[in-house]
Amino acid sequence: RTGGTLEGVVLNDDGDPRPGRSVIVQRMPNAERQHVLESGDDGGFRVENLEPGTWQIVVMANVMDRGASDESGEGMASMLGDMLIETATILDGETTSVVLGTSEGRPVEVTGRVTHAGEPVPQALVSWVPEDSSGMSDLKMSVTGEDGTYRVKLHHGGNWLVTVQNDVGTGRQNSIEYLERVPEASESHGADFELPGGRISGRVKGPGGDPVPHCRITLNVEGGVAYGSFLGGHYTETTTDADGRYDIPFLRAGRYAIAAGGPELGGMFGDDAAHGRVLQGDLRLSEGEWLEDVDFRLEAPGDITGVVKGADGQPVADAAIFLRDDTGRMVERFSLVSTDARGAFTYRGLAPGHYTVFARKGTLASASSLPTRVRTGESARVELQLEEGCIVLVKVEDRSGVEVRARVSVRDAEGREHTGAMSMDEILERFGEGFSSREQRIGPLPLGRYQVRAETEDGREVERPVSLLRAGERAVRLRLP
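Just so you know, these numbers come straight off a predicted model, no measurement behind them.

Novice: Just to check I follow, could you spell out the environment of Val-308 for this structure?
Specialist: Relative to the helices and strands, Val-308 is located in strand S26 (residues 302–309). For Val-308, a relative accessible area of 0% translates into the label buried. Linking Val-308 and Gln-385, residues 77 residues apart in sequence, is a C-alpha distance of 5.7 Å. With sequence-adjacent residues up to four places away left out, Val-308 is seen in contact with Gln-314, Pro-315, Val-316, Ala-319, Ile-321, Thr-339, Gly-343, Phe-345, Ala-359, Leu-384 and Leu-386.

Dropping the structure here:
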């Protein structure tokens, strides 16, 4: 094949060319191939001989040119706020054209202010994704100023998932999700966001009782995930200060789990960790409450190594690896550890204790391993087998049959939560294809018996057992009382 050609132009809000922008063209869903170039004087760019398929185009400030990178302000939040994303389908022997920076339809200018306890929150990244988006080309972002105000131009009205992030940086974020209804017929809309007042803080110490600085801290919402949500409502990645202390603000009332320790970025690059990862769950927070002294005492870590095979007994490459501790909670909700070409993996940075392991790839899923004991300085070993799994598609409706948004939980016969587990490939696929606010997609799951539960924001609940007897997809519709 000769491949296809991608040509495009980068424009500003007024339709004028934007030269000197970094243009990244990457093969989806896993960005396994990338081309990096720069928009010309006319804002144009062109890439030839691309493999047919789906490609994502990301336009951002030219990080190699200080003048361009400073164009929209300093800091990573400002850089992200000025980013443009589009998706294109490349066909063999044909030219595909894209325009970034303008959109069709009836645009709506949204303005607002992000505050906490009435005070402005500056340098917060405010991201907008529409209901049933077709991909990250629909993503719009803005950054708050010193007075907490922001401005963003959406290409249409409707329901939008809004994520407000502060403390944006490499390996760091504190993200709170909202739903916002933007009137279809309006040319402007106001949307203020008052960040919640809950807070959790604590201190991390090592085996000898000394504080652990720069220690990775992760917060997740416990329980199910609302569809239309990517992060479960709130997600935090941060680190401890020089005295081993951490502080996570802007939390809603609810249940949370916090983990400390382990390798940076979830072991994506196979890094070793000085301390094993420890989880504390079922942290219940009421409105405006501050949970202090949620402390950790870390130990020297151990590892789990293993191999993943298919039903034919052959090794499976690029299978995502997930671990649960002895409480059944996932050590990492987002798996960044996968098998190599030999089907082998090493999961580093684990606190001493017992773990179960499972794997996923595409439509394949493994059953959980038997409990495996990890000891300091040692490597435990497991072997997993992938089989065709079942993906559960959950919709929730009220008594009149109208679909409603709800938090969905899928638990197995052991009471272990499966909603929210995603591999890196699944994350990239979601970014390429978009999110649905009408349906929750869970899996693939091993065949077996599960309990599916939904809860609305106003406290209504419904639950039913579901048996997954065949591979493929299983639609589950829950009706609220």
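From this point, things continue past the structure.
Novice: Hey, could you run me through the sheet that holds strand S39 (residues 461–468) in this one?
Specialist: The strands making up a sheet associate through backbone hydrogen bonding, with each pair oriented either parallel or antiparallel. Strand order in this open sheet of four strands is S19-S35-S38-S39, and the pairing throughout is antiparallel. What marks the edges here is a single partner per strand, and that holds for strand S19 (225–226) and S39. Sheet topology note: the strand S38 (residues 448–455)/S39 ladder contains eight bridges and is antiparallel. Residue pairing in the sheet places Gly-448 in a bridge with Leu-468 of S39.

Novice: Please clarify how the pairing of strand S17 (residues 198–205) should be interpreted in this entry.
Specialist: For a regular strand, side-chain orientation follows a simple rule: the groups alternate between the two sheet faces. Counting buried residues along S17, six of its eight residues qualify, which places the element largely inside the surrounding structure. When S17 meets strand S21 (residues 245–251), the two strands line up antiparallel, connected through five bridges. Across the sheet, Gly-198 pairs through a bridge with Leu-251, a residue of S21. Judged from the two bridges that link them, S17 and strand S24 (residues 290–291) form a sheet pairing that is parallel. Within S24, the residue paired with Ile-200 across the bridge is Leu-291. Direction of pairing for S17 relative to strand S25 (residues 296–297): parallel, over a ladder of two bridges. Bridge pairing in S25 places Val-204 opposite Phe-296.

Novice: How should the nonpolar core be read in this particular structure?
Specialist: The tendency in soluble globular proteins is for nonpolar side chains to be buried side by side. Core analysis: the biggest nonpolar cluster contains 22 residues, and Ile-304, Val-308, Ile-321 and Leu-323 have the highest contact counts within it. Contributions of two or more residues to this core are made by S26, strand S27 (320–324), strand S29 (344–350), strand S30 (353–361) and strand S33 (379–388). The biggest single contributor to this core is S33, with four residues. Once you skip the residues sitting within four places of it in the chain, Ile-304 turns out to touch Leu-323, Phe-345, Thr-346, Tyr-347, Leu-350, Tyr-355, Val-357, Val-374, Ala-380 and Val-382. Listed in part, the 20 residues of the second largest apolar core include Ala-124, Val-126, Val-152 and Phe-250.

Novice: How do you make sense of the pattern of salt bridges when you look at a structure like this?
Specialist: Once their charged atoms are close, side chains differing in charge can pair, the charge on each being opposite to the other. Applying the stated rule across the entire model yields 27 salt bridges. Arg-203 is paired through a salt bridge with Asp-243; the nearest N and O atoms lie 2.8 Å apart. Highlighted residues: Arg-203 in strand S17 and Asp-243 in the loop between strand S20 (234–239) and S21, separated in sequence by 40 residues. A residue is classified by how much of its surface remains accessible, and Arg-203, at 19% relative accessible area, is buried. Ionic pairing is found between Arg-453 and Glu-461, a salt bridge with its closest N-O pair at 3.0 Å. The exposure class of Glu-461 is partly exposed, given its relative accessible area of 41%. Salt bridges sharing partners connect three or more residues here, namely Glu-222, Arg-255, Asp-282, Arg-284 and Arg-329.

Novice: I'm lost on the confidence of the model for the chain in this one. Help?
Specialist: Detailed conclusions should not be drawn from predicted coordinates in areas where pLDDT is low. Taken residue by residue, the chain gives an average pLDDT of 88. The fraction at 70 or more is 88%. Throughout residues 66–74 the model reports pLDDT below 50, and contacts reaching past four residues in sequence, or to other chains, amount to 13 contacts.

Novice: What is the right way to look at the sheet that holds strand S6 (residues 84–90) in this model?
Specialist: Taken in spatial order, the four strands line up as S3-S2-S5-S6 in an open sheet, and their pairing is antiparallel. Strands with a single pairing partner mark the edges of an open sheet, and in this sheet they are strand S3 (34–38) and S6. Each adjacent strand pair in this sheet contributes to an overall mean axis angle of 20°, direction not counted. Both strand S2 (residues 22–27) and S3 contribute to a ladder of five bridges, which runs antiparallel. Within the sheet, the bridge partner assigned to Ile-24 lies in S3 and is Val-36.

Novice: Help me out: how do you make sense of the packing of aromatic side chains in this one?
Specialist: Geometry of an aromatic ring pair is reported as the spacing of the ring centres plus the angle between the planes. Under the defined criterion, the tally for this structure stands at eight aromatic pairs. Ring centres of Trp-128 and Trp-160 lie 6.3 Å apart, and the angle between their planes is 70°; on these two criteria the pair is classed as edge-to-face. A residue pair is termed long-range when its members are at least 10 positions apart, and Trp-128 in strand S10 (residues 125–130) and Trp-160 in strand S13 (residues 158–169) qualify at 32 residues. Accessibility expressed as a relative area gives 0% for Trp-128, which makes it buried. An aromatic cluster is present here, built from Trp-128, Tyr-150, Trp-160, Tyr-178 and Phe-193 joined pairwise through their rings. Lying over the aromatic face of Trp-290, Arg-199 brings its terminal NZ or CZ to 3.9 Å of the ring centre. Lying across the ring of Phe-322, Arg-360 places its NZ or CZ 5.6 Å from the centre.

Here is what the cut-offs are and how they apply
- Residues numbered from 1 in each chain as written.
- Predicted model: local features only at pLDDT ≥ 70, side-chain atom pairs only at ≥ 80, totals over all residues.
- Heavy atoms only, no water.
- Helix = DSSP H or I, 4+ residues; strand = E, 2+ residues; numbered from the N terminus.
- Buried < 20%, exposed > 50% of the residue type's maximum accessible area, 1.4 Å probe, protein only.
- Contact = heavy atoms within 4.5 Å.
- Pairing = 2+ DSSP bridges.
- Core = buried A, V, L, I, M, F, W, Y, C linked by side-chain atoms within 4.5 Å.
- Salt bridge = Lys/Arg side-chain N within 4 Å of Asp/Glu carboxyl O.
- pLDDT = per-residue confidence, 0-100.
- Axes fitted to C-alpha atoms, helices over the stretch in contact; angles between N-to-C directions.
- Phe/Tyr/Trp six-rings, centres within 6.5 Å; stacked < 30°, edge-to-face > 60°.
- Lys NZ or Arg CZ within 6 Å of the ring centre and 35° of its normal.

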